[in-house]
Amino acid sequence: MPDSCLFPLSEFYTHAKLPMPAIEVIPGDVVPEPYRTLLVHHNDMTPTLETHYNSRIHLEILSRERRGDFYFREVLLRLDGDDCAVEFGANKVYIGRFADDARDMIEAEELPLGRILRECHVAHNTEAKGFLRVQADALIAEKLGVPAGTILYGRKAVISDPQHRPLSEIVEILPPAPGPRL
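Residues numbered from 1 in each chain as written. Predicted model: local features only at pLDDT ≥ 70, side-chain atom pairs only at ≥ 80, totals over all residues. Heavy atoms only, no water.

## Observations regarding the overall build of the chain
Basically, it comes down to this: Segments assigned H or I by DSSP are reported as helices when at least four residues long, segments assigned E as strands when at least two residues long, and all are numbered from the N terminus. In this description the radius of gyration comes from C-alpha coordinates, and the expected globular size is given by 2.2 Å times residues to the power 0.38. Using the Shrake-Rupley algorithm and a 1.4 Å probe, accessible areas are obtained, with residue cover drawn only from the displayed protein chains.
For the chain, the count of helices and strands is 6 helices and 7 strands. Secondary structure of the chain in N-to-C order comes out as α-β-α-α-β-β-β-α-α-β-α-β-β. Here the C-alpha atoms of the chain give a radius of gyration of 15 Å, agreeing with the 16 Å that 2.2 N^0.38 yields for 182 residues. C-alpha atoms of the chain, sized along the principal axes, occupy 40 × 40 × 30 Å. Element-wise, carbon and sulfur atoms account for 53% of the exposed surface of the chain, whose accessible area totals about 8400 Å².

## Topic: the pairing of strand 7 (residues 166-174)
Keep this limit in mind: A simple rule labels every residue: compare its accessible area, found with a 1.4 Å probe on the protein chains alone, to the largest value its type can have, and call it buried under 20%, exposed over 50%, or partly exposed in between. DSSP calls a pair of strands paired once it identifies at least 2 bridges connecting them.
With 8 of 9 residues buried, strand 7 lies mostly within the body of the structure. Pairing analysis gives 6 bridges linking strand 4 (residues 85-94) to strand 7, with the strands arranged antiparallel. Each bridged residue has a counterpart across the sheet, and for Phe88 the counterpart in strand 7 is Ile173. Examined bridge by bridge, strand 6 (residues 151-160) and strand 7 share 8 bridges and lie antiparallel to one another. Counterpart to Tyr153 in the pairing with strand 7 is Leu174. Counting the residues that bridge the hairpin from strand 6 to strand 7 gives 5 residues, and of these His164 lies at a positive phi of roughly 70°.

## A word on the packing of aromatic side chains
Spelled out, the test is: Ring geometry is summarised as follows: Phe, Tyr and Trp rings, the Trp one being its six-membered ring, pair when their centres sit within 6.5 Å, and such pairs are stacked at plane angles under 30 degrees, edge-to-face over 60 and tilted between the two. The rule for a charge over a ring is simple: NZ of Lys or CZ of Arg within 6 Å of the ring centre, and within 35 degrees of the ring normal.
One pass over the structure, following the stated rule, counts 3 aromatic pairs. Geometry around Phe72 places Arg67 over its ring, the cationic atom sitting 4.1 Å from the centre.

## Observations regarding empty space enclosed by the protein
Note the cut-off: Residues are called lining when one of their atoms sits within 4 Å of a cavity or pocket point, these points coming from a 1 Å grid over the protein atoms alone, where a cavity is a set in which a 1.4 Å probe fits but cannot get out and a pocket is an open set with protein on both sides within 12 Å along at least five of seven lines. Grid points are joined across faces, edges and corners, and a volume is the space filled by probe spheres set on the points. Charged residues are taken to be Asp, Glu, Lys and Arg, nonpolar residues to be Ala, Val, Leu, Ile, Met, Phe, Trp, Tyr, Cys and Pro, and polar residues to be all remaining types, Gly included.
Taken as a whole and assessed by the stated rule, the structure comprises 1 cavity of 30 Å³ or more. The space that makes up the largest cavity amounts to roughly 180 Å³. Surrounding the largest cavity, 20 residues form its lining, Thr46, Leu113, Gly114, Ile170 and Glu172 being those nearest its centre. Elements supplying a minimum of two residues to the lining of the largest cavity: helix 3 (45-53), strand 3 (70-79), strand 4, helix 5 (113-119), strand 6 and strand 7. Partitioning the lining of the largest cavity into residue classes produces 9 nonpolar, 6 polar and 5 charged.

## What about helix 3?
Of all the 9 residues making up helix 3, 7 are buried; the element is thus mostly covered by neighbouring parts of the structure. For helix 3, the complete set of buried residues consists of Met45, Thr46, Thr48, Leu49, Glu50, His52 and Tyr53. Two residues or fewer after helix 3 comes Asn54, characterised by a positive phi angle close to 50°.

Below, the structure is given as structure tokens:
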């Protein structure tokens, strides 16, 4: 499996000295619903999940590391209303490519990147690079509140600026998704 589809998740597992969970890269048309609707598109995940769950989302930082102009963070996205985890993510942010207002918001570690992009009017394009079938290991299972071994789905996405320079690389893994909340 190409490591590029697992990066930056692979960075966090290497740093933690943990074996990677079983992950298979799959075509988008194989991703089952409701995961397909939530993952197989070229939109930011924050607004997609906020629309699906009819709730704003906040960020929980699990780990972080700054390496020069790169900011790595492992996160959970949680619903504001009931704090339910709706995404486990590993993100490499090219922090030096953001204007001061967006950079300050990213470093404040309170809002998901998708909301920061929207609120700061950052021109960007999100491209799904691959889709993943993930067997939840102990770490992902604990964070998403599912039994170890649960089959989950995710994607690797790259967010780029108008000059096609990456702003962020992210692996996004979703828990079993109920239907939309009304």
